[in-house]
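# Results of the structural survey
Each chain, letter by letter, is given below.
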Amino acid sequence: MRFEGTLDIAAPRDRVWSFLTDPTQVTTCAPDVQSLDVSDPHHFKVVVRAGVGPIKGTFSMNVQFLELERPKHAAVLARGQAPGSAVQMVSNMDLSEFDDTHTVMEWSSEVTVSGMIQQVGARLMQGAADKITQQLFACIKTKLEASVPI
Amino acid sequence: MAVEIGGIGQSVKRKEDARFIRGRGNYVDDVKLPGMLYLDIARSPYAHARIKSIDTSKALAIPGVLAVITGKDLVPLKLEWMPTLMSDRQMVLPTDTVLYQAQEVAAVVATERYIAADGVAAIEVDYEPLPVVVDPIKALQPGATLVREDREQKDNHIWHWEVGDKAGTDKAFKDAEVVVKQDIYIPRIHVSSIETCGMVASFDKINGKLTVWMTTQAPHAIRTVIALVAGHLGLSEERIRVISPDIGGGFGGKVPVYPGYVLAIGASVLTGHPVKWIEDRSENIQADSFARDYHITAELAAKKDGTMQALRVKTVADHGAFDAAANPSKYPAGLFHIITGSYPFAKSFVEVDGAYTNKPPGGIAYRCSFRVTEAAFTIERLVDVLALEIKKDPAELRMQNFIPPTAFPYTSSLGWEYDSGDYGRALKLAMDKIGYAELRKEQAAKRAKGELMGIGISSFTEIVGAGPSKHFDILGIKMFDSCEIRVHPTGKAMVRLGVKSQGQGHETTFAQIVAEELGLPVGDIAVEEGDTDTAPYGLGTYASRSTPVAGGATAIAARKIREKAKLIAAHLLEASPDDIEWKDYKFQVKGVPAKSKTMQEVAFAAYTNHPQGMEAGLEAVDYYDPPNLTFPFGSYICVVDIDRGTGEVKVRRFVAVDDCGTIINPMIVEGQIHGGLTMGLAPALYEQINYDDDGNIQGGNFMDYLLPTAMETPNWETAKTTTPSPHHPIGAKGVGESATVGAPAAIANAVVDALAHLGVRHIDIPITPWKVQKILKEKGVAE
């Protein structure tokens, strides 16, 4: 499944870049994070609770920055599992300056889901993904657009 | 008199129903033993992946979890692989690679079922996903992802099997006036018996005796398999007892050995406690043996007038990751070569190639005798394609071509000797009963108004009752079956058989055979199956073999008893045995009806006053090796209406005329046909298990896999003709599967018939509203 979109953020590009590529900051916007373990600047492990329809699970995700071209492009590979289910996600992000105080983020994500979540929840996946994406971006916007960084 | 006895031909009420309708059946999950532990299985989310590591520490830390078993633990016991019934092998648990989604990866043993499930959830497996191949045709292409690295042969080809006269068939096609060709996919489906599979294994460490209660259709064969697989661990066949208690549906899915069985036995031997393993619904559909999955290309050569001449069939069979089908050893594609059906093809040639894919293993016969449904569907669909091609009524085309009743015993060009048949009589009865001519008129009138109505016929021939020992074995064990009868002094009888009922009504029908042969009331005859410590050895119940094989054994064992009883009767009547005849269920002095003895009187004498020099008692056992298979047949006609808005197919009428030879219990036969028709409706319109490109199962639960219920099922109209089998002791042929085999083609033919004037020639089953609506839109007739 491929997801993509564009997000306008009322914050300078450098600030957006720093936030989105810092595991400790960006994961504060991920839903239901249980733990975070940063091993090096390119790798971190995050445990999140997520669900699709009737199937819920704790996903242990290994995340790796594949490409980091400050301040405009990043690619991330995330791979993780919950009992009976597995997910792999390759995401790309491109940041451009609309002006000094506005950044446009174009993003896309190629998601492969295996196992129980895929079997039971395939037709619910889009809705679940939209919900998570909305929450994530609303949070990112709120945090980045605040007058004082929060 | 006959009614009192309840012999052959009587609709005796099913003796087993007294407990079933009161909820007093005894299924595997009802078995509870002191100190019993529970086993649950962790399964792979990936269809193909390398296992980098398995971390069991968190699972083992859960209070109540006693053990976690992985593939590596099984290596020292040489139990990580087990043989399949098809000369292949199958992983019990993987040591490094998983080959299909929902494959067993580790097992947890715990004090309670829910704790075992918690343990499964806590197991952490690090997988590295590998490329996946789910399409068997792609799997056979060069460079395809290799499914089985463990084999010496480094491709996905399992076997090639062919039968018939290739050169002669090719020549017939070259010379033919008309050739039709059709690709047909028979999709992967699942038996979905209402009771899932399970086992309670109980190993007595002191006596070295293993007792297992399990859902198996073939308890004796399973006992031998356990002894062969685990003999090196000290499990010896005389100390293995397999008990199949009541079974909630088998349909072929409870013939194979699944890893869960091996794990439950292993866990009991390891812990010394009884261990219970019961699958949940999703595990059952996702990991247990599937059925069908045949990609068929079929060609038929005929004269312009419709005379059928030759048949050529090429098939790719998807067997998943292991060839764990349950076919007789000599027939890797089962009895698929019954594909010439009810027609006298002078030349025919059939070839099948088996392929490995990253899908669950199997290829079992789902309520059909080893790939017979695939064969019957193909030929009956192809006949309709020919009818369309030469613009001939499909009923007329069939009538023109049927093997005539005078030609039996008839040897087909693929080598089977059909025992008996009268195909025209069955089709004519079905046509009369449904009002075929009137329906064709109605169809023409409706078509003129733009309404979509279709009439479909299926005149199938089955091949059941495997089988004669010269052709049939499983793991080398010949496919005979057995019956042991003991008549007690009070004239009551105990009958034990090597087969195992899963709902077929054996406790009634086999009692009726004995009642007929011995003149004892059916209520005085107890039938017991499924306990290997007490029942004689047999190969079990599947492929409609119980009546053709064990039914033969029952009749012959009873006749052995009657022979001895006659000598005792002569002794009691002070007459020569030559002057004694068996008449009206009694022994009479010929011409003197007043001088007679009942079987009860003889039975008492067998223990109290038997002739000097004769052994006491009245018992017999027979191991029956049938001289041939039996060939039940039938003609089904289906009428459908199609909704031009939704694409929904509604079965308006369905007439099923079956001929299964001598009928033992008409009520049970009718019930078998009703169930079979519903299981034939299912793949025709609803059921399919699909996989996406990553090997994710689409349809691994009852939300996505539609089993027809009373809501979807039409009113079945049944009728019969009776053409006894000439070689069977009571003339019976077997009927458990006829309707499953015959129904799908009738329904598919009806749908295609409804759309034929739009240029539609074939639609692959299941014919879902989505598929039909797509066609209606393409043809510009959707509402």
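Residues numbered from 1 in each chain as written. Chains lettered and ligands numbered in written order. Predicted model: local features only at pLDDT ≥ 70, side-chain atom pairs only at ≥ 80, totals over all residues. Heavy atoms only, no water.

## Remarks on the overall build of chain B
Defined as follows: Helix numbering and strand numbering both begin at the N terminus, where a helix is a DSSP run of H or I of at least 4 residues and a strand a DSSP run of E of at least 2. As a reference, a globule follows 2.2 Å times the number of residues to the power 0.38, and the radius of gyration itself is taken over C-alpha atoms. Only protein chains enter the calculation, and the probe is 1.4 Å; a residue is then buried if its accessible area is under 20% of its type maximum, exposed if over 50%, and partly exposed in between. Contact definition: two residues touch when any of their heavy atoms are within 4.5 Å. In short, Shrake-Rupley with a 1.4 Å probe defines the accessible areas, and a residue's cover is counted only from the protein chains shown. Charged residues are defined here as Lys and Arg on the positive side and Asp and Glu on the negative side; His and the ends of the chain fall outside this count. Charged side chains are reduced to one point each, which is NZ for Lys, CZ for Arg, CG for Asp and CD for Glu.
The number of helices and strands found in chain B is 20 helices and 35 strands. Against the compact-globule benchmark of 28 Å for 783 residues, chain B has a radius of gyration of 27 Å, which places it among compact chains. For the C-alpha atoms alone, the extent of chain B along its principal axes is close to 85 × 75 × 50 Å. The buried share of chain B, reckoned over its 783 residues, is 63%. Counting only contacts in chain B whose residues sit at least 6 apart along the sequence, the fraction spanning at least 24 positions is 80%. Roughly 27,600 Å² of accessible area belongs to chain B as shown, and the carbon and sulfur atoms make up 53% of that amount. Positive and negative side-chain charges of chain B, numbering 82 and 98 respectively, have mean locations separated by a distance of 3 Å.

## Quick look at the side chain of B:Gln286
The residue B:Gln286 is located in helix H10 (residues 281–287) in this model. Those residues in contact with B:Gln286 that lie beyond four places of it in its chain are A:Gln119, B:Gln101, B:Ala102, B:Pro360, B:Ile697 and B:Gly700.

## Notes on the sheet that holds strand E27 (residues 580–583) of chain B
All names here are of chain B. Here is the rule: Should DSSP find at least two bridges between two strands, the strands are taken to pair. Every axis corresponds to a line fitted to the C-alpha atoms, with the helix fit spanning only the stretch in contact, and the corresponding angles, defined between N-to-C directions, vary from 0 to 180 degrees.
Taken together, the three strands give an open sheet; going across it, the order is E27-E28-E29, and neighbouring strands pair in antiparallel fashion. Two strands in the sheet have a free side with no partner beyond their single neighbour: E27 and strand E29 (592–597). Strand-to-strand twist of the sheet, defined as the mean angle between neighbouring strand axes without regard to direction, takes the value 45°. As paired elements, strand E28 (residues 586–589) and E29 share three bridges and run antiparallel to each other.

## Observations concerning the domain arrangement of chain B
Much of the literature gives interface size as the accessible area that the parts lose upon coming together. Basically, it comes down to this: Domain ranges listed in this record stem from an automatic or a database domain assignment.
If you check the domain split of chain B, you get domain 1 (2–24 + 481–624), domain 2 (31–130 + 192–287), domain 3 (132–189 + 290–392) and domain 4 (426–464 + 630–783). One C-alpha centre belongs to domain 1 of chain B, the other to domain 3 of chain B, and the line joining them spans 43 Å.

## Observations regarding the nonpolar core
Residues and elements named next belong to chain B. For clarity, the threshold we go by: In this text, buried Ala, Val, Leu, Ile, Met, Phe, Trp, Tyr and Cys residues form a nonpolar core when linked through side-chain atoms within 4.5 Å.
With 147 residues, the main nonpolar core has Leu300, Phe336, Trp416 and Phe654 as its most contacted residues. Per element, the largest residue contribution to this core is 12 residues, and it comes from helix H19 (residues 738–755). Setting aside chain neighbours within four positions, we find Leu300 in contact with Phe173, Val178, Val179, Val180, Met308, Ala310, Leu311, Phe345, Ile379, Leu382 and Leu386. In this structure, Leu497, Leu573, Tyr585 and Phe587 belong to the second largest nonpolar core, which totals 47 residues.

## Here's the deal with the pairing of strand E14 (residues 275–278) of chain B
Residues and elements named next belong to chain B. By the alternation rule, side chains of E14 split into Val275 and Trp277 and Lys276 and Ile278, which are all buried. With two bridges connecting them, strand E1 (residues 37–43) and E14 associate as parallel partners. Bridge pairing in E14 links Tyr38 to Lys276. Relative to E14, strand E11 (residues 198–204) is paired through four bridges, and the arrangement is antiparallel. When the sheet's bridge partners are listed, Met199 is paired in E14 with Trp277.

## A word on helix H20 (residues 769–778) of chain B
The periodicity of an α-helix, 3.6 residues per turn, causes residues three or four positions apart to be oriented the same way. Residue and element names in this part refer to chain B. The condition that has to hold: It is the directions from the helix axis to the C-beta atoms whose arc is reported.
Every buried residue of H20 is accounted for by Val772, Ile775 and Leu776. The buried residues of H20 all sit within an arc of 100° when viewed along its axis, so they share a single face. Exposed residues lying more than 90 degrees from the buried face of H20 are Trp770, Lys777 and Glu778. Here the buried face of H20 lies against strand E21 (452–461), strand E31 (633–642), strand E32 (649–659) and H19. A positive phi of about 70° marks Gly780, the residue just after H20.

## Observations regarding the packing of helix H15 (residues 506–518) of chain B against helix H16 (residues 546–573) of chain B
All names here are of chain B. To be explicit about the condition: By definition, turning the near helix anticlockwise from the far helix through less than a right angle yields a left-handed crossing, and turning it clockwise yields a right-handed one. The classification used treats Ala, Val, Leu, Ile, Met, Phe, Trp, Tyr, Cys and Pro as nonpolar, Asp, Glu, Lys and Arg as charged, and all other residues, Gly among them, as polar.
Taken N-terminus to C-terminus, the directions of H15 and H16 make an angle of 35°; their axes are 9 Å apart at the nearest point. By crossing handedness, the relation of H15 to H16 is classed as right-handed. Of the residues in H16, those touching H15 at His506, Phe510, Ile513, Val514, Glu517 and Leu518 are Ser546, Thr547, Ala550, Gly551, Thr554, Ala555, Ala558, Arg559, Ile561 and Arg562. Looking at the contact of H15 with H16 residue by residue, the classes come out as eight nonpolar, five polar and three charged.

## Comments concerning the interface of chain B and chain A
Heads up, the condition is: Buried area: the sum, over both parts, of the accessible surface (1.4 Å probe) that disappears when the two are put together. The term salt bridge refers to a side-chain nitrogen of Lys or Arg lying within 4 Å of a carboxyl oxygen of Asp or Glu. Counted as a polar contact is a pair of N or O atoms within 3.5 Å, where, for protein atoms, one must be capable of donating a hydrogen and the other of accepting one, and residues adjacent in sequence contribute only when both atoms are in side chains.
Taken together, the contacts link 16 residues of chain B with 15 residues of chain A. Carbon and sulfur atoms make up 44% of the surface buried where chain B meets chain A, a total of about 1,300 Å² over both sides. Put simply, chain B and chain A have zero salt bridges between them. Put simply, chain B and chain A have three residue pairs in polar contact (both at pLDDT 80 or more) between them. Listed by contribution, the elements that provide at least two residues to the side of chain B that touches chain A are strand E8 (124–129) and strand E34 (697–698) of chain B. Broken down by element, the side of chain B that touches chain A gets its largest block of residues, three residues, from E8(B). For the side of chain B that touches chain A, the class distribution of residues is eight nonpolar, five polar and three charged.

## Considering a negative patch on the surface
Operational definition: Each patch is built from residues lacking any salt bridge and having more than 30% relative accessible area; the joining distance is 9 Å for like charges and 5 Å for nonpolar side chains (Val, Leu, Ile, Met, Phe, Trp, Tyr).
On the surface, a cluster of negative charge is contributed by A:Asp14, A:Glu97, A:Asp99 and A:Asp100. Structurally, A:Glu97 is set in strand E6 (residues 85–99).

## Let's talk about the state of the cysteines
To keep things clear, this is the line we draw: Two cysteine sulfur atoms form a disulfide, by the criterion used here, when they sit within 2.5 Å.
Scanning the model with the defined rule gives one disulfide over all chains in all. There is a disulfide in this structure between A:Cys29 and A:Cys139, and the S-S distance comes to 1.9 Å. For the disulfide bridge between A:Cys29 and A:Cys139, the dihedral angle about the S-S bond is near -75°, and by the sign convention the bridge is left-handed. Taken as a pair, A:Cys29 in the loop between helix H2 (23–26) and strand E2 (33–40) and A:Cys139 in helix H4 (residues 125–145) lie far apart in primary sequence, 110 residues in all. For the residue pair A:Cys29 and A:Cys139, the accessibility class agrees, reading buried in each case. Considering cysteine sulfurs only, B:Cys368 is the nearest to B:Cys638, which forms no disulfide, with 20 Å between them.

## Topic: the sheet that holds strand E2 (residues 49–55) of chain B
Residue and element names in this part refer to chain B. Taken in spatial order, the three strands line up as E6-E2-E8 in an open sheet, and their pairing is antiparallel. Two strands lie at the open edges of the sheet, namely strand E6 (97–98) and E8, each paired on one side alone. Here E2 pairs with E8 via six bridges, running antiparallel. Looking at the pairing, Ile54 lines up with Val125 of E8.

## Overview of the pattern of salt bridges
Residues and elements named next belong to chain B. Counted under the stated rule, the structure contains 54 salt bridges over all chains. For Arg241, the salt bridge identified is with Asp531, shortest N-O distance 2.6 Å. Highlighted residues: Arg241 in strand E13 (residues 240–243) and Asp531 in the loop between strand E26 (525–529) and H16, separated in sequence by 290 residues. On the basis of relative accessible area, Arg241 is assigned to the partly exposed category, the value being 26%. Classification of Asp531 as buried rests on a relative accessible area of 10%. Three or more residues joined by partner-sharing salt bridges are found here, namely Asp88, Arg89, Arg148 and Asp150.

## What about unusual backbone geometry?
A cis amide bond links B:Phe408 to the next residue, B:Pro409, at an omega of -5°. For the bond running from B:Ala466 to B:Gly467, omega is -20°, close enough to zero to count as cis. For B:Gly467, the position within the fold is in the loop between E21 and strand E22 (473–474). Its identity is not glycine, yet A:Asp32 carries a phi of approximately 55°, on the positive side.

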